[in-house]
Amino acid sequence: MRLKVTVLPGDGIGPEVMKVAVRVVQTLAEIGGFEFQFAEYPIGGVAIRETGFPLPKTTLDACLDSDAVLLGAVGSPHFDDLPRDRRPEAGLLQLRIALGGYANLRPAIAYNALTECSPLRPTIVAGANVLFVRELLGGLYFGEPRGSEQNPRSAWNTMRYSEAEIERVARIAFDLARSRRAKVTSVDKANVLETSQLWRSVVSQIGKSYPDVTLEHIYVDAFAMHLVTAPKRFDVVLTENLFGDILSDEAAALTGSLGMLPSASIGGAVNLYEPVHGSAPDLAGRNLANPLGAIASAAMMLRHTFALHREADEIEGAIRSVLAQGYRTADIHRSPKEQQVSTTEMGTLVEEALTSAVIRRQAYHAV
């Protein structure tokens, strides 16, 4: 079985973490007996330098012709003076629209080995495992009209949602909850916003089709507080684009670092997988970045696009194993008892743990 993946390393630390993530998947494929076909294309600032555009047509065509897309990071301060639609971030928004992935999955897992890395007390974060399901193609980021004017200076954006947009992402959240702890928390601002009133109404209606899943509604400001005071009460969190963007970054407090957070954008023609962290230009080229979010994103690709659930579990298990042994990149290094490692060293450690796990599994089934 040949699995076709387009790799977009992007800007900053993107190429470094993508190189490691791809290597982990290739290692798994070699010992697992299947084949991945990886092809790299430019996006973001790199693409602007090469072609003048943040998302060249050749890149987009390759993405649309693949089974999945792996993205590193997009963004560079060198392009801040360009018009908004020509900056690196515009390429990512254009790609999301073209691929059609309307549901962004962002798991935030408090690994036992990293509870001391969180700014929150270990008793609060230990055991927390929250999956954010963020609507990705609507709301303020895409609503029209939008714009600005001078004399006097003003600017405006439009938050807009249709019933169909809410329904389709809600169904994904409820379906995923069935494979977890069967609870959905829908986050909105229904006491103020008409879009949130529609959101709450539609989600409540969809919830009736899932009698086995518990549904609760909570205002976004209250949720922001509860996420850092009682995160273990949450399972699947469903919310709109802007709220999901902010709250899922807040959830990095549970894991100890943004570098630990993977994501998947699903529901469209081709699924997109990327770590949540940005391009971190100050770390670029220094071999310091945390690749675990990128590696975990690759695991999500195996699970959600290729239905390789066992292999995805084994990659995630390898991450837990390496962390349990005390290996840390700089962003999660806290104690002299822990061993700080580089980006590439962390990748090698995950590869080794993964190889051992797969070989043990193969030996067990051979008996």
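Definitions and limits used
- Numbering of residues starts from 1 in each chain and follows the order in which that chain's sequence is written.
- Totals for whole chains, interfaces and linings use every residue, but because this is a predicted model, local features are given only for residues with pLDDT of at least 70 and side-chain atom pairs only at 80 or more, for both listing and counting.
- The side-chain figures draw on all heavy atoms in the structure; neither hydrogens nor water molecules are used.
- In DSSP terms, a helix is any run of H or I states spanning at least four residues, a strand is any run of E spanning at least two, and both are numbered starting from the N terminus.
- The globule rule used for comparison is 2.2 Å times the number of residues to the exponent 0.38, while the radius of gyration itself is calculated over C-alpha atoms.
- Whether a residue is buried, partly exposed or exposed follows from its accessible area with a 1.4 Å probe, protein chains only, as a fraction of its type maximum: under 20%, in between, or over 50%, in that order.
- Note on contacts: a residue pair is in contact if any heavy atoms of the two residues lie within 4.5 Å.
- Per-residue and other accessible areas follow the Shrake-Rupley method at a 1.4 Å probe size, with only the shown protein chains counted as cover for residues.
- The convention is simple: Lys and Arg are positive, Asp and Glu are negative, and His and the chain ends are not counted.
- Charge placement uses NZ in Lys and CZ in Arg. For Asp and Glu, CG and CD serve respectively.
- Stacked, tilted and edge-to-face pairs are distinguished by plane angle, under 30 degrees for stacked and over 60 for edge-to-face with tilted covering the rest, among Phe, Tyr and Trp rings (Trp via its six-membered ring) whose centres lie within 6.5 Å.
- Note on criteria: charge over ring means Lys NZ or Arg CZ within 6 Å of the ring centre, with the direction from the centre no more than 35 degrees off the ring normal.
- Here, strands pair whenever DSSP counts at least two bridges between them.
- With the strands pointing away from the viewer, any crossover whose connection runs clockwise from the first strand over the helix to the second is right-handed.
- Think of a polar contact as two N or O atoms within 3.5 Å of one another; within protein, one of them needs to be a possible hydrogen donor and the other a possible acceptor, and neighboring residues in sequence only count if both atoms come from side chains.
- Here, a salt bridge means any Lys or Arg side-chain nitrogen found within 4 Å of an Asp or Glu carboxyl oxygen.
- Each axis is a line fitted through C-alpha atoms, and for a helix only the stretch in contact is used; angles between axes span 0 to 180 degrees, taken between their N-to-C directions.

Caption draft 1: Representation of the overall build of the protein. Looking only at helices and strands, the protein features 13 helices and 14 strands. Its C-alpha atoms give the protein a radius of gyration of 20 Å, near enough to 21 Å, the size a compact globule of 367 residues would have. Each principal axis of the C-alpha atoms in the protein carries an extent, and together these give about 65 × 50 × 45 Å. Classification of the 367 residues of the protein by burial places 54% in the buried group. At a minimum sequence separation of 6, the contacts of the protein that also span at least 24 residues come to 75%. Accessible surface computed for the protein: about 15900 Å², of which carbon and sulfur atoms make up 52%. Both charge centroids of the protein, one from 36 positive and one from 42 negative side chains, sit 4 Å from each other.

Caption draft 2: Region of the structure containing the packing of aromatic side chains. Scanning the model with the defined rule gives seven aromatic pairs in all. For the pair Phe36 and Phe306, a centre-to-centre distance of 5.6 Å together with 80 degrees between the ring planes defines the contact as edge-to-face. Within this pair, whereas Phe36 is found in strand 2 (residues 35-40), its partner Phe306 is found in the loop between helix 11 (292-304) and helix 12 (309-324), the two being separated by 270 residues in sequence. Phe306 matches Phe36 in its accessibility class, with the two residues each being buried. Taking 5.5 Å as the distance between ring centres and 70 degrees as the angle between the ring planes, the aromatic pair formed by Tyr161 and Trp199 counts as edge-to-face. With Tyr161 in the loop between strand 7 (154-156) and helix 6 (163-178) and Trp199 in helix 7 (residues 194-207), this residue pair connects regions lying 38 residues apart in the sequence. Under the relative-accessibility criterion, Tyr161 is labelled buried at 8%. Classification of Trp199 by relative accessible area gives buried; the value is 2%. Taken together, the ring pairs in this structure connect Phe34, Phe36, Phe38 and Phe306 into an aromatic cluster. Lying over the aromatic face of Tyr219, Lys189 brings its terminal NZ or CZ to 5.7 Å of the ring centre.

Caption draft 3: How the structure looks around the pairing of strand 2. As paired elements, strand 1 (residues 2-10) and strand 2 share six bridges and run parallel to each other. Within strand 2, the residue paired with Arg2 across the bridge is Glu35. Running through helix 1 (residues 14-32), the crossover from strand 1 to the neighbouring parallel element strand 2 is right-handed.

Caption draft 4: Spatial organisation of unusual backbone geometry. Omega for the peptide link from Glu144 to Pro145 comes to 5 degrees, which places this bond in the cis form. Examined against the element boundaries, Pro145 turns out to sit in the loop between strand 5 (129-135) and strand 6 (147-149). Pro152 follows Asn151 through a cis peptide bond whose omega is -5 degrees. Non-glycine residue Asn151 carries a positive phi angle of around 55 degrees. Its location among the elements puts Asn151 in the loop between strand 6 and strand 7. Of note, the phi angle at Ala280 is positive, near 40 degrees, even though the residue is not glycine. Position of Ala280 relative to the elements: it lies in the loop between strand 12 (271-273) and helix 11. Since its relative accessible area comes to 24%, Ala280 is described here as partly exposed.

Caption draft 5: Fine view of the environment of Arg86. Of note, Arg86 is situated in the loop between strand 3 (68-73) and helix 4 (88-99). Remark: the alpha-carbon pair of Arg86 and Gly45, spanning 41 residues in sequence, is separated by 9.6 Å. Residues in contact with Arg86, not counting those within four places in the same chain, are Ile48, Gly52, Phe53 and Pro54. Within the structure, the side chain of Arg86 is placed 2.9 Å from the backbone oxygen of Gly52, a separation counted as a polar contact.

Caption draft 6: Quick peek at the pattern of salt bridges. As enumerated under the stated definition, the model contains 19 salt bridges in all. Residue Glu314 pairs with Arg361 through a salt bridge whose shortest N-O separation is 2.8 Å. Here the residue Glu314 occupies a position in helix 12, and Arg361 occupies one in helix 13 (residues 343-366), the gap between them amounting to 47 residues. We note that Glu314, like Arg361, is buried.

Caption draft 7: Fine view of the sheet that holds strand 12. Strand order in the open sheet formed by ten strands is 2-1-3-12-11-4-5-10-8-9, with mixed pairing between adjacent strands. With one partner strand each, in any of the chains shown, strand 2 and strand 9 (214-219) form the two edges of the open sheet. Each adjacent strand pair in this sheet contributes to an overall mean axis angle of 25 degrees, direction not counted. For strand 1 and strand 3, the ladder comprises five bridges, and the chain directions are parallel. The partner of Val7 across the bridge, within strand 3, is Leu70. Sheet strands in contact with helix 6 are strand 4 (103-109), strand 5, strand 8 (183-188), strand 9, strand 10 (236-239) and strand 11 (264-266), and its direction is about 160 degrees off that of strand 5. Each of strand 4, strand 5, strand 8 and strand 10 is contacted by helix 9 (residues 241-250), which is oriented at about 155 degrees to strand 5, the strand it contacts most.

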